[in-house]
Amino acid sequence: MKHILTLFSFFLCISLSVLAQSLENDVQKSQTDKDIQAAKDLIKQPLAGYAGLSFTTGNPQHGSFQEFSENNSFGFGLKGGYYFNPIPLTVGMNVDFLFFGGDEKTLPRTILGLRVNDTLETSTTMVPILFHTRFQPQITHFLFPYIEVSGGASIYSSSSELRQYGNSRVSNSETDIIWMYGIGAGLQFRLVDFVELPSSHSALLLDIYARYLLGEQQSLSKAKIIDDKSEFVSSSVKTDILSIGIGVSWMF
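The written sequence of each chain sets the order in which its residues are numbered from 1. The predicted origin of the model limits local features to residues at a pLDDT of at least 70 and limits the giving and counting of side-chain atom pairs to 80 or more, whereas totals for whole chains, interfaces and linings rest on all residues. Here the side-chain values reflect all heavy atoms present in the structure, with hydrogen atoms and water set aside.

**Student:** Tell me about the pairing of strand β8 (residues 200-215), and please be specific about residues and values.
**Tutor:** Both strand β7 (residues 169-196) and β8 contribute to a ladder of 16 bridges, which runs antiparallel. Counterpart to R190 in the pairing with β8 is L205. Between the end of β7 and the start of β8, which pair antiparallel, lie 3 residues. Note on pairing: two strands pair once DSSP finds at least 2 bridges between them. Helix and strand definitions follow DSSP, with helices as H or I runs of at least four residues and strands as E runs of at least two, each counted in order from the N terminus. Where β8 meets strand β11 (residues 241-251), 11 bridges bridge the pair, whose relative direction is antiparallel. Following the sheet pairing, D207 is matched in β11 by G247.

Laid out in structure tokens, this is it:
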């Protein structure tokens, strides 16, 4: 009889343990289903702020500007703003850092019978600082096409630097301000949503765009290496430029 009671107690404990585990699994499943539904509902909520980083090219659009620049520019852009979602309008600001490159030349000389080399280098940059507003509807959950109007100023700068043997440096630069305005178009594609329950939600988007900026006719200065010396040459050019970029935007 004692053995029978022992076995009964053992099987009772096992049965209760299995029942408790089953009830716990049902509770966990129910909570998981609730969390999944809460995440889905949260993802549907509109996001307002945005910030972005992109690789950008800048291509001068008039012959005089192309000839004066000698190169297309490459660089990166930063942007940020506010999206009045679900109203398809945004306001924001973007800053591009465009590098046109330059020249470099080694200048040999002799110090106390010792041959040393100095280095002469020139570079030219352009930094458009623009405010923009966009018409940007949301098509399905993933696509955000947009057209934008922008305006502001570009800081155009050219510099030369003579790095002399012994690490001394002599630098000169010329800076011009160009007022610009233009239009652009782009497409953002939602890559992934980030959800942190109960209320945090953000998203990462691929951003591809093109922007045409109209600039004024203006006299610009550029550092050039002429006869082993750097000189600033000036020319009056029409400063229109086409920018094309690809990058990522974070909506939050």
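**Student:** Describe in detail the side chain of S154, supporting the description with residues and values.
**Tutor:** Following the sequence through the fold, S154 ends up in strand β6 (residues 143-163). To sort residues, take the accessible area from a 1.4 Å probe on protein chains only and compare it with the maximum for the residue type: under 20% means buried, over 50% means exposed, and anything in between is partly exposed. Residue S154 is classed as buried on the basis of its relative accessible area of 0%.

**Student:** Residue-level account of the nonpolar core, with values.
**Tutor:** Only buried residues count toward a nonpolar core. Its members are Ala, Val, Leu, Ile, Met, Phe, Trp, Tyr and Cys residues joined through side-chain atoms within 4.5 Å. In this structure, F65, M126, Y156, I178, M180, L220 and I241 are the most contacted members of the largest nonpolar core, which totals 13 residues. Of all the secondary-structure elements, those providing two or more residues to this core are α2 (63-69), β3 (89-101), β5 (114-135) and β7. Residues count as neighbours in contact if any of their non-hydrogen atoms are within 4.5 Å of one another. The residues contacting M180, other than those within four sequence positions of it, are M126, G151, G152, S154, L213, L214, G215, T239 and I241. Of all hydrophobic cores here, the second largest spans 7 residues; its members include Y83, F144, A203 and L205.

**Student:** Give a detailed account of unusual backbone geometry, specifying residues and quantitative values.
**Tutor:** Cis geometry marks the peptide bond from N85 to P86, where omega comes out at 15 degrees. Relative to the helices and strands, P86 is located in the loop between β2 (73-83) and β3. Even without being glycine, L112 reaches a positive phi, approximately 50 degrees. Residue placement: L112 occurs in the loop between β4 (104-111) and β5. Looking at L112, the relative accessible area reads 88%, which means it is exposed. One non-glycine residue with positive phi stands out, namely T140, at about 60 degrees. Along the chain, T140 falls in the loop between β5 and β6. With relative accessibility at 55%, the residue T140 sits in the exposed group.

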